[in-house]
Amino acid sequence: MCGIVGYIGKKDIDGILIDGLKELEYRGYDSAGIATIKDGDFSEYKAVGKIKNLEAKMAQTKDDKSYNSALGIGHTRWATHGKPTELNAHPHIGDYSYVVHNGIIENYKELKDELVSCGKTFVSQTDTEVVVHMFEYYFDKLQVAKDAFDKTITRLKGAYSILLISKVAPTNIFFIKHGSPLAIAKSKDKEFFIASSETPLIGVATKVTHLEDGTSGVINQQNIEFFENSGSNKIKNIKWQELPTSKLSAQKDGYRFFMEKETYEQSDVIADTMMGRISDEKIVFDEIDENFFENINHIQICACGTSYHAALTGQYLFERLAKIPISIEVASEFRYKQPLLQKSSLFIAISQSGETADTLEALKMAKKAGLTTLCICNVDNSSMTRFADKTILLRAGIEKAVASTKAFSTQVVVLWMMSLYIGKTKNTINKTTLKNELKALKQTPKYLLVDDKMHQKCQRLSKRYLHGHGFFFIGRDIFYPLSLEGALKLKEISYIHAQGYPAGEMKHGPIALADEKLFTIALMPQSLLADKVRSNVQELIARDSVVLALSPQTFELADDFIQTKAGEHYMHEFFSMLVVLQIFSMELSIRVGNDVDMPRNLAKSVTVE
Ligand code: F6R
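Bear in mind that the values here come from a model prediction, so they are computed numbers and not experimental data.

Some points on the nonpolar core
With 83 residues, the main nonpolar core has Ile299, Met418, Leu441, Phe471 and Phe575 as its most contacted residues. Looking at this core element by element, the count peaks at twelve residues for helix H17 (residues 570-591). Here this core gathers at least three residues from each of two domains, domain 2 (251-445) and domain 3 (450-609). Aside from chain neighbours lying at most four places away, what touches Phe471 is Tyr465, Leu490, Ile496, His497, Ala498, Gln499, Phe519, Ile521, Phe584 and Leu588. Within the second largest apolar cluster, 27 residues are counted, among which are Tyr96, Ile105, Tyr160 and Phe174.

So, the site of the ligand
Taken together, 15 residues are adjacent to the ligand, and Ser307, Ser351, Ser353, Thr356 and Glu492 come closest. At 3.3 Å from an oxygen atom of the ligand is found a main-chain nitrogen or oxygen belonging to Val402. Interatomic distance of 2.9 Å between a backbone N/O atom of Ser404 and an oxygen atom of the ligand. Isolated, the ligand exposes 410 Å² of accessible area, and the fraction of that covered by the protein chains is 88%. Mapped onto the shell around the ligand, the elements with two or more residues apiece are helix H8 (305-322) and helix H15 (479-494).

A word on the sheet that holds strand S15 (residues 298-303)
The strand order S16-S15-S17-S18-S19 describes an open sheet built from five strands, whose pairing is parallel. With partners counted over all chains shown, the strands left at the sheet margins are strand S16 (326-330) and strand S19 (390-393), one partner each. Across the sheet, the axes of successive neighbouring strands diverge by a mean angle of 20 degrees, strand direction being ignored. Pairing geometry for strand S17 (residues 345-351) and strand S18 (residues 372-377), over six bridges, is parallel. Within S18, the position partnered with Leu346 by the bridge is Thr372. Contacting S15, S16 and S17, H8 crosses the sheet at an angle of about 170 degrees to S16.

Observations concerning the pattern of salt bridges
Summed over the entire model, instances satisfying the criterion amount to 27 salt bridges. Of the charged contacts, one joins Glu55 and Lys22 as a salt bridge, the two residues approaching to 3.0 Å between their closest N and O atoms. With Glu55 in helix H2 (residues 51-59) and Lys22 in helix H1 (residues 13-23), this residue pair connects regions lying 33 residues apart in the sequence. Among the salt bridges present, the one from Lys207 reaches Glu242, with a minimum N-O distance of 2.5 Å. In this pair, Lys207 is assigned in strand S11 (residues 207-210) and Glu242 in strand S14 (residues 241-242), connecting sequence segments 35 residues apart. With relative accessibility at 29%, the residue Lys207 sits in the partly exposed group. Here the salt bridges share partners, and the residues they tie into one network are Lys11, Asp189 and Glu191.

Overview of helix H4 (residues 129-142)
Given a rise of 1.5 Å per residue, 14 residues ought to cover 20 Å, and the 20 Å separating the end C-alpha atoms of H4 matches this to within 8%. Summarising burial for H4: ten of the 14 residues are buried, a large majority. Looking at H4, one finds that the buried residues are Glu129, Val130, Val131, Val132, His133, Met134, Phe135, Glu136, Tyr138 and Phe139. Against strand S5 (92-93), strand S6 (97-105), helix H3 (108-117), helix H5 (145-154) and strand S7 (158-166) lie the buried residues of H4. Count one or two residues on from H4 and you reach Gln143, which has phi positive near 65 degrees.

Describing the side chain of Lys236
Looking at the element boundaries, Lys236 is found in the loop between strand S13 (224-227) and S14. A distance of 3.1 Å separates polar atoms of two side chains, one belonging to Lys236 and the other to Glu212. Other than its neighbours up to four places away in sequence, Lys236 contacts Glu212, Thr215, Phe226, Phe227 and Glu228.

Remarks on the packing of H1 against H2
Direction vectors running N to C along H1 and H2 enclose 165 degrees, while the axes themselves pass 10 Å from each other. Overall, the two elements H1 and H2 adopt an arrangement that is roughly antiparallel. As H1 packs across H2, the resulting crossing turns out to be left-handed. Contact residues: Asp14, Ile18, Leu21 and Lys22 in H1; Ile51, Leu54, Glu55 and Met58 in H2. Per-class residue counts for the contact of H1 with H2 are five nonpolar, no polar and three charged.

Re the domain arrangement of the chain
Looking at the assigned domains, one finds that the chain contains domain 1 (3-248), domain 2 (251-445) and domain 3 (450-609). Placing a centre on the C-alpha atoms of domain 2 and another on those of domain 3 gives a separation of 24 Å. Across the contact, 42 residues belong to domain 2 and 41 residues belong to domain 3. Taking both sides of the interface into account, the surface hidden between domain 2 and domain 3 amounts to around 3500 Å²; carbon and sulfur atoms contribute 62%.

Rules used throughout
Residues numbered from 1 in each chain as written. Predicted model: local features only at pLDDT ≥ 70, side-chain atom pairs only at ≥ 80, totals over all residues. Heavy atoms only, no water. Core = buried A, V, L, I, M, F, W, Y, C linked by side-chain atoms within 4.5 Å. Buried < 20%, exposed > 50% of the residue type's maximum accessible area, 1.4 Å probe, protein only. Helix = DSSP H or I, 4+ residues; strand = E, 2+ residues; numbered from the N terminus. Domains from an automatic or database assignment. Contact = heavy atoms within 4.5 Å. Near = heavy atom within 4 Å. Polar contact = N/O pair within 3.5 Å; in protein donor to acceptor, adjacent residues only side chain to side chain. Areas by Shrake-Rupley, 256 points an atom, 1.4 Å probe, with all protein chains shown as cover. Pairing = 2+ DSSP bridges. Axes fitted to C-alpha atoms, helices over the stretch in contact; angles between N-to-C directions. Salt bridge = Lys/Arg side-chain N within 4 Å of Asp/Glu carboxyl O. Expected span 1.5 Å × (residues − 1). Parallel < 35°, antiparallel > 145°, perpendicular 65-115°, else oblique. Left-handed = near helix turned anticlockwise from the far one by under 90°. Nonpolar A, V, L, I, M, F, W, Y, C, P; charged D, E, K, R; others polar. Buried area = accessible area lost by both parts, 1.4 Å probe.

This is the structure in structure tokens:
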């Protein structure tokens with residue numbers, strides 16, 4: 001979700017900023033840019049696409065020399081507001097200042113209106129540009145750069161890490177961290193480095209501090225000052241720590257695998273997915289017009305794998321809340337079944353990568369047949385986002401592990417929000433229901449937090465579930481697609497056979513497999529069809545299947561039990577169980593000695609049929 005870097009020192013500043021940005025490219029690569037002050041001279045560069053494009057652009061002027069003083073800031077962008085163009089690339093430029101930003105300024109529209117009415121001119125579609133104009137507006141009044149910066153940050157709502165440099169304070173970098181990550185490091189050579197994560201700092205600096213929310217400050221070549229509570233003058237004491245020496249472990253933030261890191265990240269990531277899109281009364285998708293769903297009377301969704309499971313989950317939410325007919329199809333089946341397509345249907349492609357060949361082809365078919373198309377995707381500027389009429393981005397950040405985790409949870413959150421958006425547009429939900437749903441949505445991040453005790457229990461239990469002739473994951477209602485996802489996670493990284501099944505359907509055949517070597521993972525929520533699922537599980541227990549129950553309520557008849565969180569909404573239980581399934585699969589995979597992040601025979605982006 002964007003990466004920012006900064007440097008103050010005497011060395012080759014262009015090289016240092018570019019190397020730093022390359023380390024952050026995993027956070028987005030829609031465009032990149034830097035702004036520097038070298039021995040008093042200002043310059044800036046921007047390019048669309050990866051850092052190598054920026055590097056190529058700078059190659060004609062890059063000089064590799066050292067300076068008496070140099071400072072600069074840089075940014076690699078993952079587009080949220082506005083297309084990936086040079087004008088939308090950071091640093092954003094005012095009359096005499098430059099800003100880079102990671103996060104989202106939620107109140108940018110009202111700030112922009114205010115600044116426009118004061119005569120400021122905007123050139124980009126981004127939320128970030130308000131920061132540089134706001135700073136200059138206050139500087140023109142106050143004539144003190146720190147006061148202008150402080151005043152600016154007190155006006156911002158949302159999540160942000162910001163670096164600002166200005167001709168009116170040419171030896172300083174101003175910074176603030178609020179909700180988006182920011183680390184500052186120093187070397188023995190009187191240099192300061194700033195970055196969105198530790199990786200760019202390793203090898204160039206020796207000590208680091210990870211800023212807490214609300215910490216602002218200012219750096220010059222001699223000194224760094226930290227202040228408490230955004231924009232105050234109260235000095236904050238911080239602790240410097242030794243920087244690790246291994247880049248790989250830093251990329252994983254100390255987690256053993258990317259899958260583990262991405263599972264743990266989900267709570268923060270879905271907060272990003274919802275940011276700026278959810279208020280007390282409604283859902284807002286800036287990406288689509290308010291009348292987008294007006295003439296739609298049916299929705300067709302296509303996806304593959306985990307994204308297909310998100311779509312199946314969405315089906316329950318759409319029917320329940322938006323009350324709109326909806327069909328879900330695996331993309332590889334849809335392509336060849338000669339589907340009957342009607343122009344009054346909306347076609348939705350769901351994909352983490354935006355490159356999956358089958359989903360892309362299904363999208364092309366729908367577009368050719370004249371349907372309006374929408375893509376729900378994690379990778380902007382991917383084939384699907386370029387092809388679809390409209391795109392809603394997941395904002396999950398780059399997902400590195402082959403086994404998808406945070407893409408799934410963000411897809412489900414987007415579908416939940418969309419069902420409410422349509423419900424409101426089409427008047428299928430009343431005010432109270434909408435209010436309760438929005439409240440439940442906002443509470444969701446805490447249900448995706450990984451509990452240490454739960455993780456340890458999965459670790460212990462993984463030993464007991466290595467043998468046998470396979471797994472059934474069972475659930476009803478929305479927990480049925482979750483059972484499919486649980487089974488897919490397990491088989492793709494542990495190579496043990498697993499199947500998701502509707503709990504009520506076991507008696508129509510599969511229960512014949514039940515014996516002491518059949519493992520059943522039973523999803524037993526308390527908020528939906530609890531008694532019915534309990535009966536289905538008891539039927540399996542009576543036939544000797546070994547049962548691991550996931551539930552907020554103790555279930556003594558099960559062989560093993562993992563307590564999940566009870567919530568006010570069934571989706572809270574859904575997300576709480578999701579993390580258990582992800583961690584359980586990962587622990588089983590570790591136990592059998594597999595490569596968790598790169599399981600055999602698979603690839604992250606499946607661009608073949
Ligand atoms: C499973 C997994 C795959 C993908 C599928 C579709 O963990 O990652 O099943 O979900 O290959 O990929 P996308 O979502 O990129 O279209």
